[in-house]
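# Breakdown of the fold
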Amino acid sequence: MAIIVSEEGEKKIDVVNLVIWISLLAIVGIAVYFLFFKKPPLVEVISPPSYKNIDPLAKADLSPDEVANSPDFKALKPYVPLPSPASVGRLNPFLTP
């Protein structure tokens, strides 16, 4: 004859399943915190001393007309020819040949 320790209506809590669920919830909670709530630190980049003369370049005013009409721009040679238009299909595709 078998000895029954627990009754039929009583549910046992499995410790292994409980530890797995708690660890999964902790991992999801940590991921949500780092993705949505934590602000990343700002990276401050200090430019080397050789870049001190970069300010005039930032203040340069380049207008497209000056560049397109400059003699240096006009002296450039096109090494790739422009594509020629090709005839594709018939003028009226609904006419029978």
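Residues numbered from 1 in each chain as written. Predicted model: local features only at pLDDT ≥ 70, side-chain atom pairs only at ≥ 80, totals over all residues. Heavy atoms only, no water.

### Let's talk about the overall build of the protein chain
Counting its secondary structure elements, the protein chain contains four helices and zero strands. Starting at the N terminus, the α and β elements of the protein chain follow one another as α-α-α-α. Element-wise, carbon and sulfur atoms account for 67% of the exposed surface of the protein chain, whose accessible area totals about 10900 Å². (Helix = DSSP H or I, 4+ residues; strand = E, 2+ residues; numbered from the N terminus. Areas by Shrake-Rupley, 256 points an atom, 1.4 Å probe, with all protein chains shown as cover.)

### So, a nonpolar patch on the surface
Taken together, the side chains of Val28, Ile30, Val32, Tyr33, Phe34, Leu35, Phe36 and Phe37 present a nonpolar region at the surface, about 900 Å² in accessible area. Positionally, Val28 belongs in helix H1 (residues 15–37). (Patch = residues over 30% accessible without salt bridge, like charges linked within 9 Å, V, L, I, M, F, W, Y side chains within 5 Å. Salt bridge = Lys/Arg side-chain N within 4 Å of Asp/Glu carboxyl O.)

### As for the confidence of the model for the protein chain
The pLDDT averaged across the protein chain works out to 83; a share of 86% of its residues lies at or above 70. By mean pLDDT, the top-scoring element of the protein chain is H1 (94), and the lowest-scoring one is helix H2 (residues 55–58) (76). (pLDDT = per-residue confidence, 0-100.)

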